Amino acid sequence: MSYVDEVFQMVVEKNPAQPEFHQAVKEVLDSLRVVIEANEEEYKRDALLERLVTPERQLLFRVPWVDDKGQVQVNNAYRVQFNSAIGPYKGGIRLHPSVNLGIIKFLGFEQIFKNSLTGLPIGGGKGGSDFDPKGKSDREVMAFCQSFITELHKYIGADTDVPAGDIGTGAREIGYMYGQYKRLTGLYEGVLTGKGLSYGGSLARKEATGYGLLYLTSEMLKCNGMDIAGKTVAISGSGNVAIYACQKAQQLGAKVVTVSDSTGWIYDAEGIDLDLLREVKEVKRARLTEYAAARPSAEYHDKAKEGNNQWIVKVDVALPCATQNELNLEDAKNLVANGVIAVAEGANMPTTADATEYLQEKGVLFAPGKAANAGGVATSALEMSQNSERLSWTFEEVDSKLQTIMVNIFHNLDDAAKKYGMEGNYVAGANIAGFLKVAEAMTAQGIV
Ligand code: NDP
């Protein structure tokens with residue numbers, strides 16, 4: 001059995017019932033085979049892969065808080081500090097009922113390579129809880145966030161581990177967490193990113209993941225002789241990533257015709273009305289049925305009645321921006337049948353492994369999330385720099401750095417794919433480019 005297969009088998013045996021983590025490890029290790037085989041003796045002697053797939057530290061804790069009826073609630077919470085070879089742990093906090101240790105480990109593992117690809121000095125980590133902020137009052141969300149940070153603050157810090165937002169953790173939650181951290185430690189430091197602008201946040205952080213996704217997609221199209229302008233685009237999700245992906249796509253001259261949430265999706269033949277979408281999602285925190293009700297050109301599709309079939313629409317570019325495994329093989333077949341040119345992942349691992357393979361086989365340009373959505377964490381690292389300098393850069397400065405980073409990421413993965421004989425395979429390119437830097441740092445730092 002090859003070294004890669006041995007390590008993958010060990011991961012499955014030692015981490016039972018964590019399918020998303022197994023899926024993420026398999027995808028990465030499979031595409032690294034050629035690099036690993038070239039260095040097998042050294043990596044094996046140093047147990048490099050075993051160390052890479054085993055988090056440096058995993059924190060599991062309870063979060064007790066009191067709801068508005070006076071009832072005590074208890075949630076499970078996690079922080080996985082996966083790899084600090086190239087910098088302090090960095091990765092978001094997901095608040096969603098589906099959160100469990102396996103999901104946080106898959107996200108933390110992916111984050112190692114994503115952070116490495118940005119070219120910035122940040123290691124990989126991820127955290128979260130099965131707490132659902134949806135339907136909770138502001139006071140309940142604050143009670144949860146304060147209790148969560150009361151435990152987590154012992155293990156994080158501006159130079160050790162810097163959490164950020166993710167699904168369910170937006171500006172409101174980061175604000176409550178930051179306030180409690182400051183109260184407990186007395187430190188006004190950049191321990192969390194995604195902060196409000198009045199207390200150390202970075203301009204363009206909110207927009208960064210969605211904008212970055214479009215900067216990378218546009219560069220990928222350009223390098224393949226095409227232009228994003230004039231293309232029809234399908235987006236899933238209607239959260240932070242989806243909204244700003246939609247905005248940048250429209251600014252670059254594309255037409256976005258779909259968005260979704262967990263209960264339904266919209267097809268708007270005239271193109272998504274971004275102001276209306278932001279009003280419904282960012283201001284009212286309402287469902288997409290409200291968008292459909294206010295917009296005659298919009299068709300609403302209820303997922304409970306029709307299933308999640310949003311990828312049946314004929315588009316040139318598909319940008320899944322909601323959650324993991326939301327675009328499966330059947331969806332990929334529909335997209336290909338309708339002539340899709342490119343798929344770029346705004347969310348983390350939104351495309352199932354078989355769907356990714358199918359799209360690549362059919363010659364669809366495919367940009368994996370760890371590259372395509374790295375704009376968020378890259379801008380978080382820029383927020384850390386501004387906090388350390390006690391300075392705030394302008395929107396244009398941050399946006400232009402973001403654009404440069406995304407274009408560089410694309411060329412790094414394109415070059416890595418070419419160098420290892422897999423031209424056009426951006427999944428392999430991203431994994432190889434991300435891995436090589438981390439492997440070199442781990443080797444240089446000895447057995448730790
Ligand atoms: P938000 O919470 O702002 O939005 C998530 C969107 O996805 C919502 O429209 C939500 O619908 C939908 N969604 C969430 N869970 C599910 C589900 N199980 N099934 C179907 N739809 C679902 O999150 P973000 O936009 O921040 O994150 C989206 C994705 O992008 C995630 O995979 C995240 O890890 C990734 N990402 C985010 C970054 C960031 O900077 N925010 C950076 C890099 C990656 P509803 O409101 O109905 O729940």
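Residues numbered from 1 in each chain as written. Predicted model: local features only at pLDDT ≥ 70, side-chain atom pairs only at ≥ 80, totals over all residues. Heavy atoms only, no water.

1. As for the packing of helix α16 (residues 375-389) against helix α17 (residues 395-419)
Contact geometry for α16 and α17: axes closest at 10 Å, N-to-C directions at 135°. The pairing of α16 with α17 is recorded here as oblique in orientation. In this structure, α16 crosses over α17, and the sense of that crossing is right-handed. For the pair α16 and α17, contact is made by Gly375, Ala378, Thr379, Leu382 and Gln386 and by Val398, Lys401, Leu402, Ile405 and Met406, respectively. When its residues are assigned to classes, the contact of α16 with α17 shows 6 nonpolar, 3 polar and 1 charged. (Axes fitted to C-alpha atoms, helices over the stretch in contact; angles between N-to-C directions. Helix = DSSP H or I, 4+ residues; strand = E, 2+ residues; numbered from the N terminus. Parallel < 35°, antiparallel > 145°, perpendicular 65-115°, else oblique. Left-handed = near helix turned anticlockwise from the far one by under 90°. Contact = heavy atoms within 4.5 Å. Nonpolar A, V, L, I, M, F, W, Y, C, P; charged D, E, K, R; others polar.)

2. Description of the sheet that holds strand β11 (residues 342-344)
Overall, mixed pairing links the 7 strands, which are arranged β9-β8-β7-β6-β10-β11-β12 in an open sheet. Pairing within the sheet leaves two strands with one partner each, and these edge strands are β9 (298-302) and β12 (365-367). Direction aside, the axes of adjacent strands within the sheet are offset by 15° on average. In this sheet, strand β10 (residues 317-320) lies alongside strand β6 (residues 232-236) in parallel orientation, the contact comprising 4 bridges. The residue of β10 that forms the bridge with Ala234 is Ala318. (Pairing = 2+ DSSP bridges.)

3. Quick look at the site of the ligand
Near the ligand, the surroundings consist of 25 residues, among which Asp166, Thr209, Ser262, Arg287 and Asn348 are the closest. One nitrogen or oxygen atom from the main chain of Val241 is found 2.9 Å from an oxygen atom belonging to the ligand. In the environment of the ligand, an oxygen atom lies 2.8 Å from a nitrogen or oxygen atom belonging to the side chain of Asn348. Here the ligand has 890 Å² of accessible area as a free molecule, and 84% of this is covered by the chains. In the shell around the ligand, the residues fall into 5 nonpolar, 13 polar and 7 charged. Looking at the shell around the ligand, you find at least three residues from each of domain 1 (3-190) and domain 2 (206-367). (Near = heavy atom within 4 Å. Polar contact = N/O pair within 3.5 Å; in protein donor to acceptor, adjacent residues only side chain to side chain. Areas by Shrake-Rupley, 256 points an atom, 1.4 Å probe, with all protein chains shown as cover. Domains from an automatic or database assignment.)

4. Some details on the sheet that holds strand β1 (residues 57-66)
Read from one edge of the open sheet, 5 strands run β1-β2-β4-β3-β5, paired in mixed fashion. Looking at which strands have only one partner, the edges of the open sheet turn out to be β1 and β5 (161-164). Direction aside, neighbouring strands of the sheet carry axes that sit 20° apart on average. Two strands pair when backbone bridges link them, and β1 and strand β2 (residues 72-83) are joined in this way by 10 bridges, in the antiparallel orientation. Bridged to Val63 within β2 is Asn75.

5. Observations regarding the domain arrangement of the protein chain
Taken domain by domain, the protein chain consists of domain 1 (3-190) and domain 2 (206-367). The interface is formed by 13 residues belonging to domain 1 together with 12 residues belonging to domain 2. Of the roughly 880 Å² buried at the junction of domain 1 and domain 2 (both faces included), carbon and sulfur atoms supply 43%. Counting the contacts that link domain 1 with domain 2 gives 0 salt bridges. At the level of secondary structure, the elements contributing two or more residues to the side of domain 1 that touches domain 2 comprise α2 (19-38) and α5 (101-117). Residue contributions to the side of domain 1 that touches domain 2 peak at 4 residues, all from α5. Classifying every residue of the side of domain 1 that touches domain 2 by side-chain character gives 5 nonpolar, 1 polar and 7 charged. (Buried area = accessible area lost by both parts, 1.4 Å probe. Salt bridge = Lys/Arg side-chain N within 4 Å of Asp/Glu carboxyl O.)

6. A closer look at the packing of aromatic side chains
Here the structure, examined in full by the defined rule, presents 13 aromatic pairs. Between the aromatic rings of Tyr43 and Phe435, the centroid separation amounts to 5.7 Å while the plane-to-plane angle is 85°, which identifies the pairing as edge-to-face. Here the residue Tyr43 occupies a position in helix α3 (residues 40-45), and Phe435 occupies one in helix α18 (residues 426-444), the gap between them amounting to 392 residues. The exposure classification of Tyr43 matches that of Phe435, with both residues buried. Here the aromatic cluster, defined as three or more aromatic residues joined through ring pairs, consists of Phe61, Trp65, Phe131, Phe144 and Phe148. Across the ring face of Tyr178, the terminal group of Lys195 is positioned such that the distance to the ring centre comes to 5.8 Å. In this arrangement the basic side chain of Lys333 is found over the ring face of Tyr358, its NZ or CZ atom lying 5.9 Å from the centre. (Phe/Tyr/Trp six-rings, centres within 6.5 Å; stacked < 30°, edge-to-face > 60°. Buried < 20%, exposed > 50% of the residue type's maximum accessible area, 1.4 Å probe, protein only. Lys NZ or Arg CZ within 6 Å of the ring centre and 35° of its normal.)

7. Side note on unusual backbone geometry
Negative phi is the rule for most residues except glycine; trans is the rule for most peptide bonds. One non-glycine residue, Ala204, adopts positive backbone phi at about 75°. Residue placement: Ala204 occurs in the loop between α7 (171-185) and α8 (205-223). For Ala204, a relative accessible area of 5% corresponds to the buried category. Phi angles above zero are rare outside glycine, and Asn325 is one such case at about 55°. Residue classification places Asn325 among the partly exposed positions, given a relative accessible area of 30%.

8. Structural notes on a nonpolar patch on the surface
The grouping of Val66, Val72 and Val74 at the surface amounts to a nonpolar patch, some 240 Å² of accessible area in total. With respect to the helices and strands, the residue Val72 is situated in strand β2. Residue classification places Val72 among the partly exposed positions, given a relative accessible area of 48%. (Patch = residues over 30% accessible without salt bridge, like charges linked within 9 Å, V, L, I, M, F, W, Y side chains within 5 Å.)

9. Describing the nonpolar core
Core analysis: the biggest nonpolar cluster contains 58 residues, and Ile235, Tyr291, Leu319 and Ile409 have the highest contact counts within it. In terms of residues, this core owes the most to one element, α8, which gives 8 residues. Counting the residues that make up this core, at least three belong to each of domain 1 (3-190) and domain 2 (206-367). With near-sequence residues (within four places) excluded, Leu319 lies in contact with Leu213, Leu214, Thr217, Val233, Ala234, Ile235, Ser236, Trp311 and Ala344. Val35, Val80, Ile86 and Ala416 belong to the second-largest nonpolar core, a separate cluster that totals 41 residues. (Core = buried A, V, L, I, M, F, W, Y, C linked by side-chain atoms within 4.5 Å.)

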